[in-house]
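Survey of secondary and tertiary structure
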Amino acid sequence: MVAKVPPLEEKAIEELRAGFRGDLIRRGDKGYDAARKVYNGMIDKHPALIARCADMADVASAVGFARENGLTLAIRGGGHNGAGLGVCDDGLVIDLAPMNGVWVDPKSRTALVQGGCTLGELDHATHAFGLAVPAGVFAGTGVAGLTLGGGHGYLTRKYGLTIDNLLAADLVLADGSFVTASAEENEDLFWAIRGGGGNFGVVTSFLFRLHPVHTVYSGLTLWPIEKGEEALKWYRDFITNAPEDIFGFFVFMNVPPAPPFPDKIHNKTMCGVVWCYTGPADQGERALKPAAEFGPPAFTFLAPMPYPTLQSLFDPLLPPGLQWYWKGDFVRELSDEAIALHAKYGSRLPSALSTMHMYPVDGAVHRVGRRDTAFSYRDVTWSTVYGGIDPDPANNDAIISWAKEYWEALHPYSAGGAYVNFMMEEGQERVEATYRDNYRRLAQIKAKYDPTNLFRVNQNIKPTAK
Ligand SMILES: Cc1cc2nc3c(=O)[nH]c(=O)nc-3n(C[C@H](O)[C@H](O)[C@H](O)COP(=O)(O)OP(=O)(O)OC[C@H]3O[C@@H](n4cnc5c(N)ncnc54)[C@H](O)[C@@H]3O)c2cc1C
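Keep in mind it's a predicted model, so treat the numbers as computed, not measured.

1. A short note on the sheet that holds strand β14 (residues 269-277)
- One open sheet accounts for 7 strands, arranged β15-β12-β14-β13-β17-β18-β16; its pairing is antiparallel. The open sheet is flanked by β15 (299-306) and β16 (323-331), the only strands paired with a single partner. This sheet shows a mean twist of 15° between the axes of neighbouring strands, independent of strand direction.
- Inspection of the sheet shows strand β13 (residues 246-254) paired to β14 by 9 bridges, in the antiparallel sense. Bridged to F250 within β14 is V273.
- Packed onto the sheet, helix α13 (residues 396-410) meets β13, β16, β17 (355-360) and β18 (382-390) and runs at close to 160° relative to β18.

What follows is the structure in structure tokens.
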């Protein structure tokens, strides 16, 4: 049964509006439908109020409003969460999109990044200085949600997870107060937000360490699907022994019917690797030569390119509003048996856009201890995701069953838990499996900073004092 929610009092909203710099959008207002939509078209939630915050003061007012009116509260960074955890039914959404400023300090090699930035906005600002924050592989993704879950992408093997490059964060807590979390201040909170998601407060800005990354040698190599098993074995052996300048994630995909792909491979199911080489550009070709030598590729596109170009390469293929259902797992070792199963499910993609990605999380990630941050799986090699994707809701059963069946077949070969940012709403057991023995400490820190669980539209950590 759906709980009855009392309508918000007009007077209360007017009071909030009086001191609010951003926009307050209610049901029936112009733009409400566009504002409530998130990236995943499968999510169809109707909040009572959307607070588009212009600054930290707006965020504090909105948090106070939700608390005092007993409203469910969702926080929206980039709105890219697969489970749609950036929006809620009937409650209040704090939308940080207008807070998308980035301040780069090239001298200290740091960037101060507001909580509503996307990776594309961040890359745009840092690239001008030949610098980058290690983050994901897709420009539209929100910095906030990605970072708070851990954050892995093209620079992970060399420079670690996004949280490994986080120096400090400013937050608005459940009681409306502002705090900074860093190695020097509120260290327990700093530990918890490095992997523990949006459970502890609204992050209004992040301070990141930057690395010298400008032009990378990158692109992709594709092989016919019949080579799936052999290619994945080759990839396993190659990447786990490759220098950290080489990053490559393995994919099963259907070739898009568009340039740069030649007509003869359009719409064909293939396997391949998306590469990013961060060493000297003139050595990239040699570094990635083994891929071409392993077996004649059906297609290769490799070239030096600005880092933001690589980051936004796949955005046009996956516009907002598609139906998404995904499941993932962390993987320590890839046995031949598991590879055979990957080849089986990877060759049966249920739609043109469905895909499997296997992202390396070794190298620099392993140089941080599993209890040094909330992110627990420091000892695995890959983070996998089985993504059922299609524009047409009529195909939801097909994409959902494929993702679930793929996951069920491969889960026994996994390390046990999944990357928190590759989960749908999968139940408390799965959340605890993500954090393993870090969960208890997270629950204690949650009890200290958010004892009433105001921030619960997330992969939720239940406050427990003991
Ligand atoms: C196409 C695509 C590509 C992706 N690629 C990668 C990748 O390469 N690497 C990777 O690590 N992940 C990747 N992801 C997963 C991504 O990290 C998650 O979807 C993440 O939740 C997105 O963050 P967001 O801010 O866009 O999400 P939102 O939907 O806005 O929020 C997600 C969660 O984060 C919390 N949150 C958001 N902003 C704040 C804030 N300012 N303060 C506190 N809590 C907040 C919310 O409470 C919510 O629970 C990808 C996702 C997609 C759809």
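2. Let's talk about the side chain of T384
- Structurally, T384 is set in strand β18.
- A polar contact of 3.5 Å, which involves the side chain of T384, links it to the side chain of Y386.
- Residues contacting T384, with those up to four places away along its chain left out, are K327, G328, D329, V331, H357, M358 and F422.

3. Details of the sheet that holds strand β3 (residues 73-76)
- Across the sheet, which stays open at both edges, the 4 strands sit in the order β1-β2-β4-β3 with mixed pairing between neighbours. Two strands bound the open sheet, and with one partner strand each, they are β1 (23-26) and β3. Sheet twist, expressed as the average angle between the axes of neighbouring strands with direction ignored, equals 20°.
- Pairing analysis gives 4 bridges linking β3 to strand β4 (residues 92-95), with the strands arranged parallel. Following the sheet pairing, R76 is matched in β4 by D95.
- Against the sheet, helix α1 (residues 10-18) touches β1 and β2 (49-52), its axis set at about 155° to β1.
- Running over the sheet, helix α3 (residues 56-68) touches β2, β3 and β4 and is turned about 165° from β4.

4. Some words on the pattern of salt bridges
- Here the structure, examined in full by the defined rule, presents 26 salt bridges.
- Connected through salt bridges with shared partners, the residues K327, D329, E426 and R430 form a single ionic network.

5. Description of the packing of aromatic side chains
- Enumeration according to the criterion identifies 27 aromatic pairs in this entry.
- Ring geometry for F249 and Y359: centres 4.7 Å apart, planes at 40°, overall tilted. Residue F249 is located in strand β13, and its partner Y359 is located in strand β17; the two are separated by 110 residues in the primary sequence.
- Here F249 falls in the buried class, since its relative accessible area comes to 1%.
- In this structure, R194 is placed above the aromatic ring of F190, and the distance from its NZ or CZ to the ring centre is 3.8 Å.

6. Digging into the site of the ligand
- Near the ligand lie 34 residues; those nearest to it are G77, G79, H152, V203 and Y419.
- The contact in question runs from an oxygen atom of the ligand to an N or O atom on the backbone of G79, over 2.7 Å.
- Residue G142 places a main-chain N or O atom 2.9 Å away from an oxygen atom belonging to the ligand.
- Coverage of the ligand by the protein amounts to 97% of the 950 Å² it exposes when considered alone.
- Secondary structure elements with two or more residues in the shell around the ligand: β3, α5 (143-149), β10 (202-209) and β16.
- Looking at which element gives the most residues to the shell around the ligand, the answer is α5, with 4 residues.
- A breakdown of the residues in the shell around the ligand according to their chemical character gives 16 nonpolar, 17 polar and 1 charged.

7. A look at the environment of L71
- Relative to the assigned elements, L71 resides in the loop between α3 and β3.
- Taking the C-alpha atoms as reference points, L71 and N438, separated by 367 residues in sequence, lie 29 Å from one another.
- Residues within four places of L71 in sequence aside, it is in contact with L8, F65, A66, D90, G91, L92 and L454.

What counts and what doesn't
- Residues numbered from 1 in each chain as written.
- Predicted model: local features only at pLDDT ≥ 70, side-chain atom pairs only at ≥ 80, totals over all residues.
- Heavy atoms only, no water.
- Pairing = 2+ DSSP bridges.
- Helix = DSSP H or I, 4+ residues; strand = E, 2+ residues; numbered from the N terminus.
- Axes fitted to C-alpha atoms, helices over the stretch in contact; angles between N-to-C directions.
- Contact = heavy atoms within 4.5 Å.
- Polar contact = N/O pair within 3.5 Å; in protein donor to acceptor, adjacent residues only side chain to side chain.
- Salt bridge = Lys/Arg side-chain N within 4 Å of Asp/Glu carboxyl O.
- Phe/Tyr/Trp six-rings, centres within 6.5 Å; stacked < 30°, edge-to-face > 60°.
- Buried < 20%, exposed > 50% of the residue type's maximum accessible area, 1.4 Å probe, protein only.
- Lys NZ or Arg CZ within 6 Å of the ring centre and 35° of its normal.
- Near = heavy atom within 4 Å.
- Areas by Shrake-Rupley, 256 points an atom, 1.4 Å probe, with all protein chains shown as cover.
- Nonpolar A, V, L, I, M, F, W, Y, C, P; charged D, E, K, R; others polar.

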